[in-house]
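# Observations on the three-dimensional arrangement
If you want the building blocks of each chain, they are given just below.
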Amino acid sequence: MYLHPELETLSRSRLEKLQMERLQQTLARYMRIPFYKQRFAACGLRPEDIRTLDDVRKLPFTTKQDLRDNYPFGLSAVPLEEVVRLHSSSGTTGTPTVILHTQHDLDEWANAVARCLYMVGLRKGDIFQNSSGYGMFTGGLGFQYGAERLGMLTVPAAAGNTKRQIKFITDFGTTALHAIPSYAGRLYEVMEEMGIDPRRDTRLRTLIIGAEPHSDEQRRRIEQMLGVKAYNSFGMSEMCGPGVAFECPEQNGLHIWEDYYIVEIVDPQTLELVPDGEVGELVLTTINREAMPLLRYRTRDLTRILPGECPCGRHHKRLDRMKGRSDDMMILKGVNIFPIQIENILMQFRELGTDYLITLTNLEANDEMTVEVELNEFTDDYGFLQRLTKEITRQLKDEILITPRVKLVPKGSLPKQEGKAVRVKDLRKTLI
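Here the structure is a predicted model, which means the values were calculated and not measured. (Residues numbered from 1 in each chain as written. Predicted model: local features only at pLDDT ≥ 70, side-chain atom pairs only at ≥ 80, totals over all residues. Heavy atoms only, no water.)

## Some remarks on a nonpolar patch on the surface
On the surface, a nonpolar cluster with roughly 340 Å² of combined accessible area is contributed by Phe-73, Leu-80, Leu-86 and Met-136. Relative to the elements of secondary structure, Met-136 occurs in the loop between β3 (127–130) and α6 (138–149). (Patch = residues over 30% accessible without salt bridge, like charges linked within 9 Å, V, L, I, M, F, W, Y side chains within 5 Å. Areas by Shrake-Rupley, 256 points an atom, 1.4 Å probe, with all protein chains shown as cover. Salt bridge = Lys/Arg side-chain N within 4 Å of Asp/Glu carboxyl O. Helix = DSSP H or I, 4+ residues; strand = E, 2+ residues; numbered from the N terminus.)

This is how it looks when you write it as C-alpha cells:
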C-alpha cells in the first residue's frame, strides 16, 4: 500500500514535529533571499520568532506577482551553479514565472510523484503513457521521472496528435495514462471514430487526471467511456509540478504530502484562516526545497480540508477536489459564479456530452450568459430538445441564481483543444 511507509503513515503529532523541523531549516534558507529578508524585517520578525506551526500565520504571503517581480533568479536561495534545472510558465502580463531546482529538489519531486502513482496501484511492469506537454511545462517531466522511479516502462508521448496517442496505447499495451479530463474525452471520441473499443482493444486500466477543474460526474463519465479507474491529481509549477496531492484508492479527497508542504485554507478576501470543511483559497509553504522555497504561496485554487481520517491509514490532510480558482470567478449582475458550478449541472444530464462553452456578453449595459453544450446523440425531435433546454435552464438558474441562454448543439460542433479546455469566453472585456 505504501511506497514510503515511514512517511506516509506518520501520526499527526509525528508529522507535525517533522514539519516543524523542516520549517526551521527552510527559514534559514529564506534569509538568503533578499526579498524574504526584507519581508521579515517589514513584519518585525526573525526566524527564531517562529516556534510553532501556528506561527506561520505571522509571516507574509507570496504571490505570483512576486515571482514575476523577481524574474528570473531573484528568489533563488542557492548560487546559480547549484541549480540544475528551471521550469517556467508564462502569465497574462507576458512576464514568465521561473522555478529553480537543485538535484535534491528533482530527486524529491520524483519521489513524491512515484509515491502518488504507487498509491493507486501502479507498479514495475505497468506501461505508463504521458500525454502532457514536455519542456517548460512540469506535467511532462514530473510524471516522467516519477514513473521511471517506480521502474515502469514510460511512453513520453507528449501532448496532441490524438491518433498517434491511440496507436501507442494499442500497440504498446499501455496500462496507465496521464491526461487532462477534457482530453480524455477527446481520446474516446477519436477511438469511436477509429472503431476502437477501449475496453476490448486496449489494456488501459488506470487514468491519472488533473490540471483543470472537473466535476466528479465528469470523472465517472470518463471512467465509463474508457473502462478505467480515474484518479484525481493536483500539482502546480510553483510547488514543483505534479505530485503535490493525489487521491488514494478510497477516492475521498486528495492526500497532500505534508512532509513537503504546510497547508492553509484562507478566505480570499480577508486572508484569514477558515475552519476545516469550509471552502477557501489554498496557501502552501514549501519545507523540503533547496533552490527556491516559497513562503505562504497563494495558489488561487479554491478547495477545503476534508475533516476526519481516511481508511487508507495515511494521516496527511485531504483536500477536496478543486472548485475553481479565485481569479477565474465570473461576476454577472452582482452574482459570483464559477465554471465548475455550471459543469456540475450539465454533467447530470445523460443526453449531454462533455464539451461545453460559456460565453459572456454585454448588450445595452446588461450582462448575458450563453451556455452551449454538445448533445451525446443527434436528434431532430424539436419537442424533446425544447423540454431538455427548459429543464437545463431551470436547474442552472437554481444553482447560479441568474437565467442563462442554453443552446444545445450537435456533437463535435464546439472547438476542440488538445491542451487545457477553454470553458469561458468573456466578450465583455473586448468591448471596454
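## Quick notes on empty space enclosed by the protein
Per the counting criterion, the structure on display carries one cavity of 30 Å³ or more. For the largest cavity, the lining is made up of 15 residues, of which Trp-109, Met-239, Cys-240, Tyr-260 and Tyr-261 are closest to its centre. Only α5 (103–119) and β8 (241–247) provide two or more residues apiece to the lining of the largest cavity. Broken down by class, the residue content of the lining of the largest cavity amounts to eight nonpolar, four polar and three charged. (1 Å grid on protein atoms, 1.4 Å probe; cavity = no way out; pocket = protein on both sides within 12 Å on 5 of 7 lines; lining within 4 Å. Points joined across faces, edges and corners; volume = space filled by probe spheres on them. Nonpolar A, V, L, I, M, F, W, Y, C, P; charged D, E, K, R; others polar.)

## A short note on the packing of aromatic side chains
Within this structure, the stated rule accounts for five aromatic pairs. Plain terms: the ring middles of Tyr-30 and Tyr-36 are 4.8 Å apart, the flat faces sit at 65° to each other, and that makes the pair edge-to-face. Given the relative accessible area of 0%, Tyr-30 is considered buried. Take Tyr-36: its relative accessible area is 0%, and that puts it in the buried class. With a centroid separation of 6.2 Å and an interplanar angle of 35°, the aromatic rings of Tyr-260 and Tyr-261 are classed as tilted. Residue class for Tyr-260 comes out buried when judged on its relative accessible area of 8%. By relative accessible area, which is 6% here, Tyr-261 ends up buried. A network of ring pairs unites the aromatic residues Tyr-30, Phe-35 and Tyr-36 as a single cluster. If you follow Arg-115 out to its NZ or CZ, it ends over the ring of Trp-257, 4.7 Å from the centre. Directly above the ring of Tyr-118 sits Arg-123, whose terminal nitrogen or CZ lies 3.4 Å from the centroid. (Phe/Tyr/Trp six-rings, centres within 6.5 Å; stacked < 30°, edge-to-face > 60°. Buried < 20%, exposed > 50% of the residue type's maximum accessible area, 1.4 Å probe, protein only. Lys NZ or Arg CZ within 6 Å of the ring centre and 35° of its normal.)

## Observations regarding the side chain of Ser-237
Locating Ser-237 in the fold gives a position in the loop between β7 (229–236) and β8. Side-chain polar atoms of Ser-237 contact the side chain of Glu-238, separated by 3.3 Å. Other than its neighbours up to four places away in sequence, Ser-237 contacts Ser-89, Ile-99 and Thr-138. (Polar contact = N/O pair within 3.5 Å; in protein donor to acceptor, adjacent residues only side chain to side chain. Contact = heavy atoms within 4.5 Å.)

## Considering the sheet that holds strand β18 (residues 352–363)
Taking strand neighbours across the sheet as the criterion, the four strands line up as β20-β19-β18-β21 in an open arrangement whose pairing is mixed. Sheet topology places β20 (405–409) and β21 (424–426) at the edges, where each strand pairs with a single neighbour. Adjacent strand axes in the sheet meet at a mean angle of 15°, parallel and antiparallel pairs treated alike. One ladder, built from nine bridges, connects β18 with strand β19 (residues 366–375); its direction is antiparallel. When the bridges of β19 are listed, Tyr-356 appears paired with Val-373. Each of β18, β19 and β21 touches helix α11 (residues 339–346); the most contacted strand, β18, lies at about 135° to it. Seen against the sheet, helix α12 (residues 382–400) touches β18, β19 and β20 and runs at an angle of roughly 135° to β20. (Pairing = 2+ DSSP bridges. Axes fitted to C-alpha atoms, helices over the stretch in contact; angles between N-to-C directions.)

## Describing helix α2 (residues 12–30)
Taking 1.5 Å as the rise per residue, α2 with 19 residues should run 27 Å; its terminal C-alpha atoms sit 26 Å apart, in good agreement. Where α2 is concerned, the buried positions are Leu-15, Leu-18, Gln-19, Met-20, Arg-22, Leu-23, Thr-26, Leu-27, Arg-29 and Tyr-30. Against the buried residues of α2 lie α1 (5–8), α3 (34–43), β10 (261–266) and β11 (280–286). (Expected span 1.5 Å × (residues − 1).)

## Looking at the packing of helix α8 (residues 181–193) against helix α10 (residues 216–226)
Where α8 contacts α10, the axes come no closer than 10 Å and their chain directions differ by 30°. Judged on the interaxial angle alone, α10 and α8 are roughly parallel. When you trace α8 past α10, the crossing you get is left-handed. Note on element contacts: α10 touches α8 through Gln-218, Ile-222, Met-225 and Leu-226, opposite Pro-181, Ser-182, Ala-184, Gly-185, Tyr-188 and Met-191. Considered class by class, the residues forming the contact of α8 with α10 number seven nonpolar, three polar and no charged. (Parallel < 35°, antiparallel > 145°, perpendicular 65-115°, else oblique. Left-handed = near helix turned anticlockwise from the far one by under 90°.)

## Details of the packing of helix α7 (residues 162–172) against α8
Contact geometry for α7 and α8: axes closest at 10 Å, N-to-C directions at 80°. For the element pair α7 / α8, the angle class is roughly perpendicular. Residues Thr-162, Lys-163, Gln-165, Ile-166 and Ile-169 of α7 lie in contact with α8, whose contacting residues are Tyr-183, Arg-186, Leu-187, Val-190 and Met-191.

## Some thoughts on the pattern of salt bridges
All told, the structure shown has 30 salt bridges when counted by the stated rule. Two residues, Arg-39 and Asp-66, come together in a salt bridge whose shortest N-O distance is 3.2 Å. Highlighted residues: Arg-39 in helix α3 and Asp-66 in helix α4 (residues 64–69), separated in sequence by 27 residues. Between Lys-58 and Asp-55 there is a salt bridge, and its shortest N-O distance comes to 3.3 Å. Among the residues examined, Lys-58 registers a relative accessible area of 45% and is labelled partly exposed. Judged by its relative accessible area of 12%, Asp-55 is buried. What emerges from the salt-bridge pattern is a single network uniting Asp-216, Glu-217, Arg-219, Arg-220, Glu-247, Arg-321 and Arg-350.

## Observations regarding α7
Buried within α7 we find Thr-162, Gln-165, Ile-166, Phe-168 and Ile-169. Seen end-on, α7 carries its buried residues on one side only, within an arc spanning 155°. Elements in contact with the buried residues of α7: β3, β4 (153–155), β5 (176–178) and α8. One or two residues past the end of α7 sits Gly-173, with phi positive at roughly 70°. (Arc of directions from axis to C-beta.)

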